[in-house]
Amino acid sequence: MILLTRVDHRLLHGQVAFSWTQGLGADCILIANDDVPTNEIRKTTIKLAKPQGVKLVIKNIEDSISALQSGVTDKYKLFIVVESIADAKKLADGYPEIKKINLGGIKAKEGTRSLGKAVNVLPEEEDLLAEMVDKEIEVEIRQVPSDKKVIVTEVL
């Protein structure tokens, strides 16, 4: 069962590892990213941030979609973390059962606009968010579970 899919450019770090995993009651974290599975430094860093007693799976986007479709993840209370809005969209397109996406950390770069604390999007990312909302995916902005939930359509 997918509890939440989160977009965070840092992927797994203290905030995600502890407050979200505990807040959701997740017993498995899936890092869905095309770089991390082949980048030993990033993979090691992510493994160090894993909370005790929680399974960590690192797969590229396609393999993540395949795993979700196969049912192998059904036995877990799954927390999925992706690095970008584009990755979240790819995952949701490939596995339509994803109905809730949290925007947690998207760093500012040239051409972005701030949608909230630590969430900065490019115009093409705004389009992807609108497409997900059109598919009835709830897209919210929150750093940690205790923050007030902001629905993305309120700030787009």
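Quick notes on the rules
For every chain, the first residue of its written sequence is number 1, and the numbers climb from 1 along that sequence. Totals for whole chains, interfaces and linings use every residue, but because this is a predicted model, local features are given only for residues with pLDDT of at least 70 and side-chain atom pairs only at 80 or more, for both listing and counting. The side-chain quantities take in all heavy atoms of the structure and omit both hydrogens and water. UniProt positions are given in the numbering used here, feature names are shortened, and annotations may be inferred rather than shown by experiment. Axes here mean lines fitted to C-alpha atoms, for a helix over just the part in contact, with angles spanning 0 to 180 degrees between N-to-C directions. Elements are defined by DSSP. Helices are runs of H or I of four residues or more, strands are runs of E of two residues or more, and each kind is numbered from the N terminus. Handedness of each helix crossing follows the sense of rotation of the near helix against the far helix: counterclockwise by less than a right angle gives left-handed, clockwise gives right-handed. We call two residues in contact whenever any of their non-hydrogen atoms come within 4.5 Å of each other. When residues are grouped by polarity, Ala, Val, Leu, Ile, Met, Phe, Trp, Tyr, Cys and Pro land in nonpolar, Asp, Glu, Lys and Arg in charged, and all others, Gly among them, in polar. By definition, two strands form a pair when at least two bridges between them are found by DSSP. Residues belong to a common nonpolar core when they are buried Ala, Val, Leu, Ile, Met, Phe, Trp, Tyr or Cys residues joined through side-chain atoms within 4.5 Å. Only protein chains enter the accessibility calculation, which uses a 1.4 Å probe; a residue whose area is less than 20% of its type maximum is buried, one above 50% is exposed, and one in between is partly exposed. With respect to orientation, any angle under 35 degrees is reported as roughly parallel, any angle over 145 as roughly antiparallel, any angle of 65 to 115 as roughly perpendicular, and every other angle as oblique.

The protein chain goes by PTS sugar transporter subunit IIB in an unreviewed UniProt entry, where it is assigned to Candidatus Enterococcus courvalinii. According to UniProt, the comment filed for the protein chain under the heading Subcellular location (unreviewed entry) is "Cytoplasm".

Caption draft 1: Main features of the packing of helix α3 (residues 61-70) against helix α4 (residues 85-94). The interhelical angle for the contact between α3 and α4, taken along N-to-C directions, is 35°, at an axis separation of 9 Å. Of the two elements, α3 crosses α4, and the hand of that crossing is right-handed. Together, Ile61, Ser64, Ile65 and Gln69 of α3 and Asp87, Lys90, Leu91 and Gly94 of α4 make up the contact between the two elements. For the contact of α3 with α4, the per-class residue count stands at three nonpolar, three polar and two charged.

Caption draft 2: View of the sheet that holds strand β4 (residues 78-82). Pairing in this open sheet of seven strands is mixed, and the strands run β3-β2-β4-β1-β5-β8-β9 from one edge to the other. With partners counted over all chains shown, the strands left at the sheet margins are β3 (55-59) and β9 (150-151), one partner each. Both strand β2 (residues 28-32) and β4 contribute to a ladder of five bridges, which runs parallel. Within β4, the position partnered with cysteine 28 by the bridge is leucine 78. Together, β1 (2-8), β2, β4, β5 (100-105) and β8 (138-141) form the strand contacts of helix α1 (residues 14-24), whose direction differs from that of β1 by roughly 155°. Here α4 sits on the sheet in contact with β1, β2, β4 and β5, set at roughly 135° to β4.

Caption draft 3: Spatial organisation of the nonpolar core. If you look at the biggest cluster of nonpolar residues, it comprises 31 residues, and the most contacted ones within it are Val7, Ile80, Ile85, Leu91, Ile101, Leu103 and Leu129. Mapped by element, the contributors of at least two residues to this core are β2, α3, β4, α4, β5, β7 (119-121), α5 (123-134) and β8. Residue contributions to this core peak at four residues, all from α4. Beyond its immediate stretch of four places on either side in the chain, isoleucine 101 contacts Thr5, Val7, Ala88, Ala92, Met132, Ile137, Glu138, Val139 and Glu140. Membership of the second largest hydrophobic core comes to 17 residues, among which are Val16, Leu56, Phe79 and Val81.

Caption draft 4: Region of interest: the UniProt feature "domain: PTS EIIB type-4" (unreviewed entry) in the protein chain. Mapped onto this numbering, the UniProt entry gives "domain: PTS EIIB type-4" (unreviewed entry) at residues 1-156. End C-alpha atoms of residues 1-156 are separated by 29 Å, and the span's content is 34% helix alongside 26% strand.

Caption draft 5: How the structure looks around the environment of leucine 156. Within the secondary structure layout, leucine 156 lies in the segment after β9. In this structure leucine 156 comes out as partly exposed when scored by relative accessible area, which is 36%. Distance in space between the C-alpha atoms of leucine 156 and threonine 5 is 20 Å, their sequence separation being 151 residues. Not counting residues within four places of it along the chain, the set of residues in contact with leucine 156 comprises Arg113, Leu115, Glu126, Leu129 and Ala130.

Caption draft 6: Inspection of the pairing of β1 at higher detail. Most of β1 sits out of view: five of its seven residues are buried. Sheet analysis places β1 next to β5, joined by four bridges and oriented parallel. Residue pairing for β5: aspartate 8 is matched across the bridge by glycine 105.

Caption draft 7: Fine view of the packing of α4 against α5. Two elements in contact, α4 and α5, have axes separated by 9 Å at closest approach and are oriented at 30°. One finds that α4 runs roughly parallel with respect to α5. Considering how the two elements wind past one another, α4 and α5 form a crossing that is left-handed. In this structure, α4 contributes Ile85, Ala86, Ala88 and Lys89 to the contact, and α5 contributes Glu125, Leu128, Leu129, Glu131 and Met132. For the contact of α4 with α5, the class distribution of residues is six nonpolar, no polar and three charged.

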